[in-house]
Amino acid sequence: MTPQHKRITYTALAKMCMPKLAELFLQFKEKDEVFVDGAVGAVLSAYAVLMKLKYECPPSSKFDKDLPQQKMAMSCS
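Quantities reported herein were computed from a predicted structural model and do not represent experimental measurements.

1. Brief notes about the overall build of the chain
Piece 1. When helices and strands are tallied, the chain shows four helices and zero strands.
Piece 2. Of all 77 residues assigned to the chain, the portion counted as buried reaches 19%.
Piece 3. Summarising the internal contacts of the chain: among those between residues at least 6 apart in sequence, 62% fall at separations of at least 24.
Piece 4. Total accessible area on the chain stands at roughly 6500 Å², and carbon and sulfur atoms take up 63% of it.

What follows is the structure in C-alpha cells.
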C-alpha cells in the first residue's frame, strides 16, 4: 500500500494564516518598518482579494460551519 499524500489547500492555509497575520500586526504595530516597507499594504491587499471574491465565487464554507474567508478577512483586517 502506498501512503496517502495530503494536500494543503488554499482554504486551509488561509484559515490558518489570516488570524496569525492579525496577531503579528498587533504585536508589531508600533514599529514604523511594518508600514514603511509595505508589509501592511501587502497584507491588506491580500485580504481585499478575498473580499472581492465574495461576489465572484461560491462561499468556501458552503458545506462547512466555518466562517467564510471574506468574513475572516474582514475581521482580521
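2. Side note on the layout of surface pockets
Piece 1. In this structure, the largest pocket occupies an estimated 290 Å³ of space.
Piece 2. Along its surface, the largest pocket is lined by 14 residues, and Leu 21, Leu 24, Phe 25, Val 40 and Val 43 are the ones closest to its centre.
Piece 3. Secondary-structure elements contributing two or more residues to the lining of the largest pocket are α1 (10–28) and α3 (39–53).
Piece 4. Per-element accounting of the lining of the largest pocket gives the leading share, six residues, to α1.
Piece 5. A per-class count over the lining of the largest pocket returns 13 nonpolar, one polar and no charged.

3. Regarding the packing of aromatic side chains
Piece 1. Within the structure shown, the criterion is met by one aromatic pair.
Piece 2. With centroids separated by 5.9 Å and ring planes inclined at 85 degrees, the aromatic side chains of Phe 25 and Phe 35 adopt a geometry described as edge-to-face. Of the two residues, Phe 25 is situated in helix α1 and Phe 35 in helix α2 (residues 32–36); the sequence distance between them amounts to 10 residues.
Piece 3. Phe 35 gets classed as partly exposed once you look at its relative accessible area, which sits at 45%.

Rules and cut-offs
- Residues numbered from 1 in each chain as written.
- Predicted model: local features only at pLDDT ≥ 70, side-chain atom pairs only at ≥ 80, totals over all residues.
- Heavy atoms only, no water.
- Helix = DSSP H or I, 4+ residues; strand = E, 2+ residues; numbered from the N terminus.
- Buried < 20%, exposed > 50% of the residue type's maximum accessible area, 1.4 Å probe, protein only.
- Contact = heavy atoms within 4.5 Å.
- Areas by Shrake-Rupley, 256 points an atom, 1.4 Å probe, with all protein chains shown as cover.
- 1 Å grid on protein atoms, 1.4 Å probe; cavity = no way out; pocket = protein on both sides within 12 Å on 5 of 7 lines; lining within 4 Å.
- Points joined across faces, edges and corners; volume = space filled by probe spheres on them.
- Nonpolar A, V, L, I, M, F, W, Y, C, P; charged D, E, K, R; others polar.
- Phe/Tyr/Trp six-rings, centres within 6.5 Å; stacked < 30°, edge-to-face > 60°.

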